[in-house]
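Residue strings, one per chain:
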Amino acid sequence: MVGTAITRQCREAGVDVHYLTTRQEKIREEPGYRGFLWDPAQRTLDPRSFDGVHAVINLAGTSISQPWTPSNKRKIQQSRTDSLDTLFRHMKTNGKGQVEYLVSASAIGIYGHSFTDYHMESSTHTGEGFLAETVRQWEDAARAFEALEMPCGMLRLGLVLAGKGGALPQIARPVRFYAGAPLGSGRQWQSWIHLEDAAAMFLFAVHQQLEGVYNAVAPNPVTNAKLTRQVAEVLNKPIWLPRVPAAILKLLMGERAELVLGSQRVCADKIKMEGFTYTFANLRPALEDLL
Ligand SMILES: NC(=O)c1ccc[n+]([C@@H]2O[C@H](COP(=O)([O-])OP(=O)(O)OC[C@H]3O[C@@H](n4cnc5c(N)ncnc54)[C@H](OP(=O)(O)O)[C@@H]3O)[C@@H](O)[C@H]2O)c1
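The structure presented is a predicted model; accordingly, all values stated were derived computationally and were not measured.

Chemist: Sorry, what's going on with the overall build of the protein chain here?
Modeler: Helices and strands together make up the secondary structure of the protein chain, namely 10 helices and 12 strands. Computed over C-alpha atoms, the radius of gyration of the protein chain comes to 19 Å, within 12% of the 19 Å expected from 2.2 N^0.38 for 291 residues, which places it in the range of a compact globule. C-alpha extents for the protein chain along the principal axes are approximately 60 × 40 × 40 Å. Looking at the protein chain residue by residue over its 291 residues, the buried ones come to 47%. Contacts spanning at least 24 positions in sequence make up 77% of the contacts within the protein chain whose residues lie at least 6 apart. Accessible surface computed for the protein chain: about 14,300 Å², of which carbon and sulfur atoms make up 51%. Charged side chains in the protein chain number 32 positive and 29 negative. The centres of these two groups are separated by 8 Å.

What follows is the structure in structure tokens.
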């Protein structure tokens, strides 16, 4: 999802894109746009994918929206660390070529659950659960590139809102059928970002060669209750159902309920100070654009 938006913005700006995919059927070759196969679990990639490449954007990782069985949890973590390790080993063995910079996706799931904390990148209140541990391992794998003396950035993505894909269509679907309701207390913070801003932030990181960790969220996080209410307003539907109790969500989703009940209020100041400007800083216009 994010990769497709980045690719579109690159092509609009006349920037050529090589992309790595694990799936043969996704390979295309057009002027300025070419796909290559890799298999991070086997540490293999098509070396031609690096020809003429100046910057690498890493987004790879299997979806976290699947049952968190022990085997899926392993896949969720390893698909992220294996991808970075495959890129690292390739550059260590074959040289960096023209590559000057790498930026990797990360996630705000690293921060601890809180209704009151406001997380800066320097926050020491990190989470305890599976998501936080996954992100820690992911960022450690990205930091390995420092050994190649290559500047490396990490963008901690919040909830990426898109018209197709990601969480928003799943939030909007029950609302469209008059069955929308806040989840749990509804007080949990949702630090969201519009897909186009998320994509633009990766390209901004490349242009500025941003090093270290940056929160990739809009400057105005909202609570789950406000997000649900604003989705309903934009769709012109009522919210009449009571909140879905946290206990029911935990029963239905198990440990994965952390995805909808977790609260992270995340600060966007650091990237703003670098000069990044948002097209969608507030939720309402973002939802009007997407829905
Ligand atoms: N969307 C969000 O709200 C959000 C929030 C925080 C963080 N993030 C992170 O940002 C990244 C991009 O998010 P997204 O929403 O664009 O995700 P996405 O649409 O699921 O894209 C991730 C891509 O990773 C590749 N992939 C899947 N399994 C893989 C494996 N085992 N090994 C290597 N690659 C694999 C797939 O590409 P191929 O099929 O082409 O191989 C897939 O298209 C993800 O790592 C995600 O965890 C997203």
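After that view of the structure, there is still more to cover.
Chemist: Help me understand the environment of cysteine 267, please; the structure alone is not making it clear to me.
Modeler: One can find cysteine 267 in the loop between helix 8 (258–261) and helix 9 (269–273). The buried category is assigned to cysteine 267, whose relative accessible area is 0%. Expressed as a C-alpha distance, the spacing of cysteine 267 and asparagine 220, which sit 47 residues apart in the sequence, is 8.4 Å. In this view, cysteine 267 contacts Tyr118, His119, Met120, Glu121, Asn215 and Val217; residues no more than four positions away in its chain are not counted.

Chemist: What am I meant to see in the packing of helix 1 (residues 2–12) against helix 5 (residues 195–208) here?
Modeler: Helix-helix packing is characterised by the crossing angle of the two axes and by the distance between the axes. Between helix 1 and helix 5, the shortest axis-to-axis distance is 9 Å and the interhelical angle comes to 65°. Our classification of the angle between helix 1 and helix 5 gives roughly perpendicular. Crossing of helix 1 over helix 5 shows right-handed handedness. Facing helix 1, whose interface residues are Val2, Ala5, Ile6, Arg8, Gln9 and Cys10, helix 5 presents Leu195, Glu196, Ala199, Ala200, Phe202 and Leu203. Of the residues belonging to the contact of helix 1 with helix 5, the class tally is 9 nonpolar, 1 polar and 2 charged.

Chemist: Would you take a moment to explain the UniProt feature "domain: NAD-dependent epimerase/dehydratase" (unreviewed entry) in the protein chain for this structure?
Modeler: UniProt feature "domain: NAD-dependent epimerase/dehydratase" (unreviewed entry): in the numbering of this structure it lies at residues 1–215. In the segment residues 1–215, helix accounts for 34% and strand for 21%; the C-alpha atoms at its two ends are 19 Å apart.

Chemist: I would appreciate a short explanation of the pairing of strand 11 (residues 212–216) in the present structure.
Modeler: It is a general feature of regular strands that their side chains alternate between the two faces of the sheet. With 4 of 5 residues buried, strand 11 lies mostly within the body of the structure. Pairing analysis gives 5 bridges linking strand 7 (residues 152–157) to strand 11, with the strands arranged parallel. Looking across to strand 11, one finds that leucine 157 is bridged to alanine 216.

Chemist: Could you clarify how one ought to interpret the environment of leucine 290 in this entry?
Modeler: By the element assignment, leucine 290 lies in helix 10 (residues 283–290). Take leucine 290: its relative accessible area is 17%, and that puts it in the buried class. Measuring from C-alpha to C-alpha, the distance between leucine 290 and glycine 163 comes to 4.7 Å, with 127 residues separating the pair along the chain. Contacts of leucine 290, omitting those with residues within four sequence positions, involve Leu161, Ala162, Gly163, Leu168 and His194.

Chemist: Can you help me understand the UniProt feature "domain: DUF1731" (unreviewed entry) in the protein chain in this one?
Modeler: The UniProt record annotates "domain: DUF1731" (unreviewed entry) at residues 244–290. Here residues 244–290 runs as 53% helix and 0% strand, with 25 Å between its end C-alpha atoms.

Chemist: Would you mind showing me how to read the site of the ligand here?
Modeler: Near the ligand lie 22 residues; those nearest to it are Met1, Val2, Thr21, Thr22 and Arg80. A distance of 2.7 Å separates an oxygen atom of the ligand from a polar atom in the backbone of valine 2. One of the backbone N or O atoms of valine 160 is found 2.9 Å from an oxygen atom in the ligand. Isolated, the ligand exposes 880 Å² of accessible area, and the fraction of that covered by the protein chains is 74%. Elements represented by at least two residues in the shell around the ligand include exactly helix 2 (70–94), strand 6 (101–107) and strand 8 (159–161). Looking at side-chain class alone, the shell around the ligand contains 11 nonpolar, 8 polar and 3 charged residues.

The rules behind each value
- Residues numbered from 1 in each chain as written.
- Predicted model: local features only at pLDDT ≥ 70, side-chain atom pairs only at ≥ 80, totals over all residues.
- Heavy atoms only, no water.
- Helix = DSSP H or I, 4+ residues; strand = E, 2+ residues; numbered from the N terminus.
- Rg over C-alpha atoms; globule rule 2.2 N^0.38 Å.
- Buried < 20%, exposed > 50% of the residue type's maximum accessible area, 1.4 Å probe, protein only.
- Contact = heavy atoms within 4.5 Å.
- Areas by Shrake-Rupley, 256 points an atom, 1.4 Å probe, with all protein chains shown as cover.
- Lys, Arg positive; Asp, Glu negative; His and termini not counted.
- Charge placed at Lys NZ, Arg CZ, Asp CG, Glu CD.
- Axes fitted to C-alpha atoms, helices over the stretch in contact; angles between N-to-C directions.
- Parallel < 35°, antiparallel > 145°, perpendicular 65-115°, else oblique.
- Left-handed = near helix turned anticlockwise from the far one by under 90°.
- Nonpolar A, V, L, I, M, F, W, Y, C, P; charged D, E, K, R; others polar.
- UniProt positions renumbered as here; feature names shortened; annotations may be inferred.
- Pairing = 2+ DSSP bridges.
- Near = heavy atom within 4 Å.
- Polar contact = N/O pair within 3.5 Å; in protein donor to acceptor, adjacent residues only side chain to side chain.

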